[in-house]
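A look at the structure
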Amino acid sequence: MNFDRKNLDNDTLLAFYKKLLFPRMVEEKMLILLRQGRIGKWFSGIGQEAIAVGSTLAMAADEYILPMHRNLGVFTSRDIPLSRLMAQWQGKPSGFTKGRDRSFHFGTQEYKIIGMISHLGPQLALADGIALADVLADNKKSTLVFTGEGATSEGDFHEALNIASVWKLPVIFLIENNGYGLSTPTNEQYNCRELVDKAIGYGIEGRRIDGNNILEVYHTITELNEAIRENPRPVLLECMTFRMRGHEEASGTKYVPPNLFEWWAAKDPLTNFEKYLLTQGVLQKELILVIRQQFSKLIETEIEKVYAEADIIPDIDTEVRDMYKPYSFPTVQAKALPATNKRYIDGISDGLKSAMRKHNNLVIMGQDIAEYGGAFKITQGFVEEFGKGRVRNTPICESGIVGAAMGLALNGYKAIVEMQFADFVTCGFNQIINNLAKTHYRWAQAVDVVIRMPAGAGTGAGPFHSQSNEAWFTKTPGLKIVYPAFPADAKGLLLAAIDDPNPVIYFEHKYLYRGIHGDVPDADVMIEIGKANVLKQGEQASIITFGLGVHWALEYADKHPDQSIEIIDLRSLQPWDKDAVEASVMKTGRALVLHEDTLTSGFGAEIAAHLSEHCFKYLDAPVMRCGSLDTAIPMNKALEDQFLAKARLEETMAKLLAY
Ligand SMILES: Cc1ncc(C[n+]2csc(CCOP(=O)(O)OP(=O)(O)O)c2C)c(N)n1
């Protein structure tokens, strides 16, 4: 192995050696603890440490690194005390996730490390967002993100590289090519000659280096960093190495030909560097022994300290509370008057514009939202006022953009993503469900992102442009969900969603965009998330609804002036206003839950179950639900009308009132 020290002095080389040795010794200890049954699963990085260590040493301390499951060397090189890491692995209180997540699945702003979730790939787009924040703030920083060669097959890899290239983001995408993804060798993973060749397709620079040579890793990344901090752009860096142990210890290595181990053992990053330093006079045999003894002692004490630490005492309130970052809705608000009569779509546009004026760190991203103004023209004129930096046309890649939004939030920005249609959120689902929603619970990091969702039917747009998909999200703790039905609520709830530091899914009904008018306060009046609105008082029955359902209910009440119907517009689905709904049902004794979504497992099921459990003694009739047919949404107008819940509202109400 050829080492080139360049300008590194002896002290620096010695420091590098220590950084490289330490994770190896920790891992050797882990293997013993594993055999003793004192720890659970372990993903070994033995033989690959030069990549994690060399790259971390090349990053400035305030630059973000997003490592993977084999990158202990990133964590130790950033000087996180071993006891804290051990506490994390053991699920102890002094770990990073209060026992809520395992291994390296945590982030820490203190050490500027954003750890992975189990899913391979999503971290790549987070790096884009982090780097975008640095570019917008003119920070001149680089971001380093890891992936295994196996995970380059995920679509996330493609989306993240493409975004970074189009947006010229200073990210080093580091592929740790260790030959196998679990049992799958590279020739079953990809069919290009070398992974680094993919850089050409993205129009970016690619380098392929010996990942077992710490100095090559260090010098390459140092050089790349200097270049991309000044002149922001992404780079694809393929680091060749080998996984010397099983995927995790229990899974073995039977599928790996033994000669490969022999070949790579000769290229071990630690022993080779050690030999080089001995020849350079930086190390001596005795010094190696002394360092090893010091590390052994340190490792032993740090580990035993954690075994002695008391276990977490489970507490339901703490668990539930920590799903969200605490947020107090401001009690003092601007006066609602004067107001101007506007369309629903203008309420949204107004809210967005005000928020963009108020928060200099707010960025909106979406397909065709810049000069074109968005598919529904909600952001028309925004580029002129706020510039292309903050009003960003995106490539067509929902997952990557939601991930980038989270990255912005991790690095001090606020982000809004416009889905062109709510239906397309399926392509960004993983980032929302697993990253946005779970991050605060896992490591107390708020994800200040709003996802705007133009949803709903009524326009004859068929199965993929009309869905009511709120129930895909109401099931997921960690998200807040709002669904305005009027122009003033559209503005007020949007402002509240943007103000709230938690991830909020903001549904906006396309059919209401231009069809509904109402007075919208000129001032920025926020509407508290979680508060319903009793639109109409009544005595005989309550209709509990939201979105387009609100307008169906109002129409029904207009048609039946003889009936005394109370109408509740939920406005928020997570959290939803249980008090308002219960109070109404206690008064009327009859409840109909109405929504545009399909009936089975729609959000109405949750409300109905809640009312049966908590308001049973006040009910004069079973809680009834009126939802759309359990089919996909058809395009033909007559079929769509038949599909929608509205077609069954009269008959369900008749049944409820007659019971
Ligand atoms: C989206 C997703 N699919 C599957 C898995 C299961 N899994 C965990 S690690 C792994 C192999 C990863 O290979 P590679 O990316 O090369 O990284 P390495 O483990 O070799 O470091 C697989 C299939 C996962 N965690 N996430």
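Here goes a summary of the coordinates provided. As the structure is a prediction and not an experimental result, all values here were calculated from the model.

Basis of the calculations
- Residues numbered from 1 in each chain as written.
- Predicted model: local features only at pLDDT ≥ 70, side-chain atom pairs only at ≥ 80, totals over all residues.
- Heavy atoms only, no water.
- Helix = DSSP H or I, 4+ residues; strand = E, 2+ residues; numbered from the N terminus.
- Rg over C-alpha atoms; globule rule 2.2 N^0.38 Å.
- Buried < 20%, exposed > 50% of the residue type's maximum accessible area, 1.4 Å probe, protein only.
- Contact = heavy atoms within 4.5 Å.
- Areas by Shrake-Rupley, 256 points an atom, 1.4 Å probe, with all protein chains shown as cover.
- Phe/Tyr/Trp six-rings, centres within 6.5 Å; stacked < 30°, edge-to-face > 60°.
- Lys NZ or Arg CZ within 6 Å of the ring centre and 35° of its normal.
- Polar contact = N/O pair within 3.5 Å; in protein donor to acceptor, adjacent residues only side chain to side chain.
- Disulfide = S-S within 2.5 Å.
- Core = buried A, V, L, I, M, F, W, Y, C linked by side-chain atoms within 4.5 Å.
- Salt bridge = Lys/Arg side-chain N within 4 Å of Asp/Glu carboxyl O.
- Near = heavy atom within 4 Å.
- Nonpolar A, V, L, I, M, F, W, Y, C, P; charged D, E, K, R; others polar.
- Pairing = 2+ DSSP bridges.
- Axes fitted to C-alpha atoms, helices over the stretch in contact; angles between N-to-C directions.

Some details on the overall build of the protein
- When its secondary structure is counted, the protein shows 24 helices and 23 strands.
- Computed over the C-alpha atoms, the radius of gyration of the protein is 28 Å, within 12% of the 26 Å expected from 2.2 N^0.38 for a compact globule of 659 residues.
- By its C-alpha atoms, the protein is 95 × 55 × 50 Å across when sized along the principal axes.
- The burial tally for the protein puts 60% of its 659 residues in the buried class.
- Relative to all contacts within the protein whose residues are 6 or more apart in sequence, the contacts with residues 24 or more apart total 80%.
- Carbon and sulfur atoms provide 53% of the accessible area of the protein, an area that totals close to 25700 Å².

Focus: the packing of aromatic side chains
- Tallied over the full model, the rule gives 28 aromatic pairs.
- Between Phe-421 and Phe-424 the ring centres are 5.8 Å apart and the planes differ by 75 degrees, which places this aromatic pair in the edge-to-face class.
- On the basis of relative accessible area, Phe-421 is assigned to the buried category, the value being 15%.
- Ring centres of Phe-429 and Trp-472 lie 6.2 Å apart, and the angle between their planes is 90 degrees; this geometry places the pair in the edge-to-face category. Of this pair, Phe-429 sits in helix 16 (residues 429-436) while Trp-472 is found in helix 18 (residues 471-474), placing the two residues 43 residues apart along the sequence.
- Taking the ring centre of Tyr-307 as reference, the NZ or CZ of Arg-38 above it sits at 4.0 Å.
- Taking the ring centre of Tyr-372 as reference, the NZ or CZ of Lys-377 above it sits at 3.4 Å.

Examining the side chain of Ser-349
- Position of Ser-349 relative to the elements: it lies in helix 13 (residues 344-358).
- Here the side chain of Ser-349 touches Ile-378 through a polar contact of 2.7 Å, landing on its backbone oxygen.
- With near-sequence residues (within four places) excluded, Ser-349 lies in contact with Ile-378 and Phe-382.

Quick notes on the state of the cysteines
- Within this structure, the stated rule accounts for zero disulfides.
- The closest cysteine sulfur to the non-disulfide-bonded Cys-397 is located on Cys-427, 10 Å from its own sulfur.
- A relative accessible area of 4% means that Cys-397 is categorised as buried.
- Judged by relative accessible area, Cys-427 falls into the partly exposed class, the value being 47%.

Some thoughts on the nonpolar core
- Counting residues in each nonpolar core, the largest one holds 80 residues, and the members touching the most others are Met-365, Ile-451 and Phe-473.
- Residues within four places of Met-365 in sequence aside, it is in contact with Leu-132, Trp-167, Arg-392, Thr-394, Ile-401, Ala-404, Ala-405, Leu-408, Ile-416, Val-417 and Glu-418.
- With 67 residues, the next largest nonpolar core counts Met-59, Leu-72, Ile-172 and Tyr-218 among its residues.

A look at the pattern of salt bridges
- As enumerated under the stated definition, the model contains 39 salt bridges in all.
- In this structure, Glu-194 and Arg-193 form a salt bridge, with 3.7 Å as the shortest nitrogen-oxygen distance.
- Using a relative accessible area of 18% as the deciding quantity, one classes Glu-194 as buried.
- Among the ionic contacts, a cluster of salt bridges with common partners joins Lys-98, Arg-100, Glu-319, Arg-321 and Asp-322.

Remarks on the site of the ligand
- Surveying the vicinity of the ligand reveals 15 residues, the closest of which are His-69, Arg-70, Ser-118, Gly-150 and Tyr-180.
- In the environment of the ligand, an oxygen atom lies 2.8 Å from a nitrogen or oxygen atom belonging to the side chain of Arg-70.
- Contact between the ligand and Glu-149: an oxygen atom at 3.1 Å from a side-chain N or O atom of the residue.
- In the complex, the protein chains occlude 72% of the 580 Å² of accessible area that the ligand would expose alone.
- A class-by-class count of the residues in the shell around the ligand yields four nonpolar, eight polar and three charged.

Things to note about the sheet that holds strand 11 (residues 362-366)
- With respect to topology, seven strands assemble into an open sheet ordered 12-11-13-14-16-15-21, the strand pairing being mixed. The two strands at the open ends of the sheet, each matched to only one other strand, are strand 12 (391-393) and strand 21 (572-574). Taking each pair of neighbouring strands and ignoring which way they run, the sheet shows an average axis angle of 20 degrees.
- Strand direction decides the pairing type here: strand 13 (residues 414-418) and strand 14 (residues 449-455), joined by four bridges, are parallel. Looking at the pairing, Glu-418 lines up with Arg-452 of strand 14.
- The strands that helix 13 touches are strand 11, strand 12, strand 13, strand 14 and strand 16 (504-509); relative to strand 16, the one it contacts most, it runs at about 145 degrees.

Side note on the sheet that holds strand 20 (residues 565-569)
- What the five strands build is an open sheet, ordered 18-20-19-22-23; its pairing is mixed. Each edge of the open sheet is held by one strand with a lone partner, namely strand 18 (533-536) and strand 23 (624-628). This sheet shows a mean twist of 25 degrees between the axes of neighbouring strands, independent of strand direction.
- Pairing of strand 19 (residues 541-545) with strand 22 (residues 591-598), which is carried by four bridges, proceeds in the parallel orientation. Bridge pairing in strand 22 links Ile-544 to Val-593.
- Strand contacts of helix 22 (residues 603-614): strand 19, strand 22 and strand 23, with the helix running at about 160 degrees to strand 22, the strand carrying the most contacts.

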